[in-house]
Amino acid sequence: MPVSLTVIKRLFAKSGNKCAFHWCKSPLIVGDLVLAEICHIRARRKGGPRYDPTLTAEARDEFKNLLLLCPTHHTEADKNPSKFTAELLTEIKDMHERGGGSEITSEIAEQAARIHAKNSAKSKRTVRSSPVKGNASATASHGSVAVSVAGHNQGNINIRVDGKGGKSKKGHAANSIGADANLSGYIEYLCDLYVKFMSPIEKDENALWARLGKHIKDRFRLRKRSRNDLPAEKFDALTEYLIHEKLAKTPVGQKHLRNGQRLCSSFDEWRALR
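None of these values were measured; they are calculated from a predicted model.

Colleague: When you look at the overall build of the protein in this model, what are you seeing that I'm missing?
Modeller: Counting its regular elements, the protein contains ten helices and six strands. A total of 274 residues make up the protein; the buried ones form 38% of that total. For the protein, the share of sequence-separated contacts (at least 6 apart) that also reach a separation of at least 24 residues comes to 63%. Summing over all exposed atoms, the protein offers an accessible surface of approximately 16200 Å²; the carbon and sulfur share of this is 50%.

Colleague: Quick question: what am I supposed to make of the side chain of His256 here?
Modeller: Along the polypeptide, His256 turns up in helix H9 (residues 251-258). Residue classification places His256 among the buried positions, given a relative accessible area of 9%. Once residues within four sequence positions are removed from consideration, His256 is found in contact with Ser106, Phe197, Gln261, Arg262 and Leu263.

Colleague: Looking at this model, I keep getting lost on the pattern of salt bridges. Mind explaining?
Modeller: When their charged atoms lie close together, side chains carrying opposite charge are able to pair. Evaluation of the coordinates by the stated rule reveals eleven salt bridges. As a salt-bridge pair, Glu97 and Lys93 come within 2.9 Å of each other at their nearest N and O atoms. One end of the pair, Glu97, and the other, Lys93, are both in helix H4 (residues 86-97), four residues apart, so they sit about a helical turn from each other. As far as burial versus exposure is concerned, Glu97 and Lys93 are alike and both buried.

Conventions used here
Residues numbered from 1 in each chain as written. Predicted model: local features only at pLDDT ≥ 70, side-chain atom pairs only at ≥ 80, totals over all residues. Heavy atoms only, no water. Helix = DSSP H or I, 4+ residues; strand = E, 2+ residues; numbered from the N terminus. Buried < 20%, exposed > 50% of the residue type's maximum accessible area, 1.4 Å probe, protein only. Contact = heavy atoms within 4.5 Å. Areas by Shrake-Rupley, 256 points an atom, 1.4 Å probe, with all protein chains shown as cover. Salt bridge = Lys/Arg side-chain N within 4 Å of Asp/Glu carboxyl O.

Now the structure itself:
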């Protein structure tokens, strides 16, 4: 699982958009280019640099075990764990974040989301070798199957699909927004951005999410269904509503527009960062 967006927001707010190595002047984000990489002080997996078996799986992805580095120093730190020990990296992190900010502005939230998207995409691309000496089989319902095989397979692979389908694994119709990870992910990104834009005047995030959900249901006459139940053909209408009727009318959104700033990434830009 990738590091949570909440943790990355805090890391980026503390970073000042600089690599944590104090002698490095490299920014973490330059325009549309995301250079930031998430370094684990104590490795996430056994065999990794500075792995600590006493650390829980949850603790490995928590704020205090992470720091943001440029690609060069992330590689250097992980290739030389005897030099860059857990104690040294902890000290580097503390020194770097000591003067960092704590406020998570809308700009920081958006940039952190780009780092999160990059990290998530990297996690999905990771392939590990694992020899398989027997037969492998998989059974799936809902009319679809996803299979990932790594390593050297020395047996047969049999895949059987049961059922006629019609709905995705999560129960959304095959032609709905919720059945497409890209469409539903971008809608989630816009909704999350709206909540952040509203946070200066409303501290209860749960209330904001509930209110936004009701507004979407009312606008698209969803009744008991959710936004992800909308047909995929309504995706453009939903994004237009969220951007121009919701984001643009928040105090932060209005400030962005006055300053000539964009409210959010486009769908294609967001998808490219995943």
